[in-house]
Amino acid sequence: MTLVGDHSTGVPMRAEVEARDAADPLAHLRDRFHVPEGLIYLAGNSLGPAPLAVFDDMETALRQEWADGLVGSWNEAGWFALADRLGDRIGALIGAEAGQTVACDTTSVNVYKALHAGLSLRPGRTTIVAESGSFPTDLYVAEGVVAGRPDVTLLLEGVDGATLEELIGERTAVVLVNHVDYRTGALRDMAALTRRVHEAGAVVVWDLCHSAGILPVALDASNADLAVGCTYKYLNCGPGSPAFIYAAHRHHETLRQPLSGWWGHAAPFAFELGYRPDAGARRLLCGTQPILSMRALNAGLAAIEDVDMAEIRAKSLALTDLFMDLVREPCAAHGAEIVTPQAAAERGSQVSITHPDGYAIIQALIARGIVGDFRAPNLMRFGMAPAYLSYHDIHVAATALVEVLESESWRDPRFAARRAVT
Ligand SMILES: *Cc1c(COP(=O)(O)O)cnc(C)c1O
């Protein structure tokens, strides 16, 4: 196959790409994952691939812990402590000291708890500020929060004001913000925005769904208040794997959240009459967790937690740069536009490209073994995960995209049929 890019540089692109792979300090990580033969997987920002260690872990969880250990496994296999143990390991990947992060529930549920927790920290304040371009579930949940709090109003960037900064004021209780925009891949400056929120006397909830596990996150150093995120994207912990929620130590004593179930109680096995929250991050828990799904987190985290996040970030930027360099001109020539910011400091680890027929183009690529995804109305997303992608993979994927655009092979009617999950 002829690969794109050879004309644009003195060095043949294929040789340059092979040299980069040979010198890649993270190349060995690919052996930790099951990437199906013949696939170039660029949808790890939606659902990460299976880490190989998960198969043994699941077998142990099923046969030894559940089948043989039965109810004793709550203690013997450490099931009851998984929320904290795994939470601390996630915390280590997002710049959070131990004791502030718990693994539990879903991101949607954790947004609900975090927004209420934020409101409880700022009594008397009456607005929640969020982004109209947020991942919809965050906003749907925010709507649910204000529906139960007639005193609180939801203000949206892009609707009620041009920027978040403009909407943040003395009435603001909580700002809910995505670290990386799921559509464009744009990255926010966590330290600067957190400072701005604090200057206004409000608290911030960071959504880390598209940054956890793929770029350095510094929750403690940024003085963040609360954070949520999922583990099935760049953390590769499995479909629907439990999410996480973080609250800074300084807020533990005062914050309240309304899903006051027994797992968040100070003494869950005392079976007391009234609710008394745990003194620490466990007050963010509600009830019994899906232990089998929770047991898949170990392998996902283990696959990247011994790697310096700065190295992951460096390769992630190099992969995204390579992809954008190779497709920019052909895209422009065929009505497609890269909407991911160019500057490294302003983007996460995906390349997003708009095209009116983006859905069919993604289907045509999938038919060739290049798996990206599509978000309505016109966005093609290509997630770049350094743990299992090579520079060669990116070169092949870029070539395929260019060929699909140039040949218009996406016009084949079989690429137009939409399925439930895009
Ligand atoms: C993926 C994602 C979610 C998913 O929420 P679930 O409750 O796991 O379905 C929420 N928010 C953002 C920003 C996401 O990217």
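Within an unreviewed UniProt entry, the label attached to the protein reads Kynureninase, and the organism entered is Stappia taiwanensis. UniProt, in the comment section headed Sequence similarities (unreviewed entry), describes the protein in these words: "Belongs to the kynureninase family." Looking at the Function (unreviewed entry) heading of the UniProt record, one finds this comment for the protein: "Catalyzes the cleavage of L-kynurenine (L-Kyn) and L-3-hydroxykynurenine (L-3OHKyn) into anthranilic acid (AA) and 3-hydroxyanthranilic acid (3-OHAA), respectively."

Moving on, we come to the overall build of the protein. For the protein, the helix and strand inventory stands at 13 helices and 15 strands. For the protein, whose C-alpha radius of gyration is 22 Å, the value lies close to the compact-globule estimate of 22 Å for 422 residues. Seen through its principal axes, the protein has C-alpha atoms that stretch 70 × 55 × 40 Å. Buried positions account for 55% of the 422 residues belonging to the protein.

Within the open sheet, the seven strands sit side by side as β4-β10-β9-β8-β7-β5-β6. Their pairing is mixed. Each edge of the open sheet carries a strand with a single partner, namely β4 (101–104) and β6 (153–157). Neighbour to neighbour, the strand axes of the sheet diverge by 20° on average, direction disregarded. Across four bridges, strand β9 (residues 226–229) lies against strand β10 (residues 243–247) in antiparallel orientation. Residue pairing for β10: L226 is matched across the bridge by A247. Strand contacts of helix α8 (residues 190–199): β7 (172–178) and β8 (203–207), with the helix running at about 150° to β8, the strand carrying the most contacts.

Attention shifts here to the sheet that holds strand β11 (residues 337–338). If you trace the four strands from one edge of the open sheet to the other, you get β11-β12-β15-β14, paired in antiparallel fashion. With partners counted over all chains shown, the strands left at the sheet margins are β11 and β14 (373–375), one partner each. Both β14 and strand β15 (residues 379–383) contribute to a ladder of three bridges, which runs antiparallel. Across the sheet, F374 pairs through a bridge with M380, a residue of β15. Most of the contacts of helix α11 (residues 309–333) go to strand β12 (residues 350–354), to which it runs at about 15°, and overall it touches β11, β12 and β15.

For the structure on display, the rule yields twelve aromatic pairs. Judged by centre distance (5.5 Å) and plane angle (85°), the ring pair of Y359 and F374 falls under edge-to-face. Taken together, the positions of Y359 in helix α12 (residues 358–367) and F374 in strand β14 put the pair 15 residues apart, joining distant regions of the chain. As far as the burial class goes, Y359 and F374 line up, both buried. Feature note: the residues W74, W79, F80, W262, W263, F269 and F271 constitute an aromatic cluster, connected by ring pairs. The lysine or arginine in question, R418, covers the ring of Y359, its NZ or CZ lying 4.5 Å from the ring centre.

What follows covers the pairing of β10. Burial analysis of β10 places five of its five residues in the buried class, the great majority of the element. On β10, burial covers both faces: A243, I245 and A247 on one face and F244 and Y246 on the other are all buried. For β4 and β10, the ladder comprises four bridges, and the chain directions are antiparallel. Within β10, the residue paired with V102 across the bridge is I245.

What UniProt calls "binding site: pyridoxal 5'-phosphate" (unreviewed entry) maps, in this numbering, to T107, S108, F135, P136, T137, D138, D207, H210, Y232, W262 and T288. In three dimensions, the annotated residues from a span of 182 residues occupy distinct locations, with a maximal C-alpha spread of 30.5 Å. Checking the annotated residues one by one, the ones that line the largest pocket turn out to be T107, S108, F135, T137, D138, D207, H210 and Y232. D138 gets classed as buried once you look at its relative accessible area, which sits at 1%. Ignoring sequence-local partners within four residues, the contact set of D138 consists of V111, L176, N178 and D207.

Rules and cut-offs
Residues numbered from 1 in each chain as written. Predicted model: local features only at pLDDT ≥ 70, side-chain atom pairs only at ≥ 80, totals over all residues. Heavy atoms only, no water. UniProt positions renumbered as here; feature names shortened; annotations may be inferred. Helix = DSSP H or I, 4+ residues; strand = E, 2+ residues; numbered from the N terminus. Rg over C-alpha atoms; globule rule 2.2 N^0.38 Å. Buried < 20%, exposed > 50% of the residue type's maximum accessible area, 1.4 Å probe, protein only. Pairing = 2+ DSSP bridges. Axes fitted to C-alpha atoms, helices over the stretch in contact; angles between N-to-C directions. Contact = heavy atoms within 4.5 Å. Phe/Tyr/Trp six-rings, centres within 6.5 Å; stacked < 30°, edge-to-face > 60°. Lys NZ or Arg CZ within 6 Å of the ring centre and 35° of its normal. 1 Å grid on protein atoms, 1.4 Å probe; cavity = no way out; pocket = protein on both sides within 12 Å on 5 of 7 lines; lining within 4 Å.

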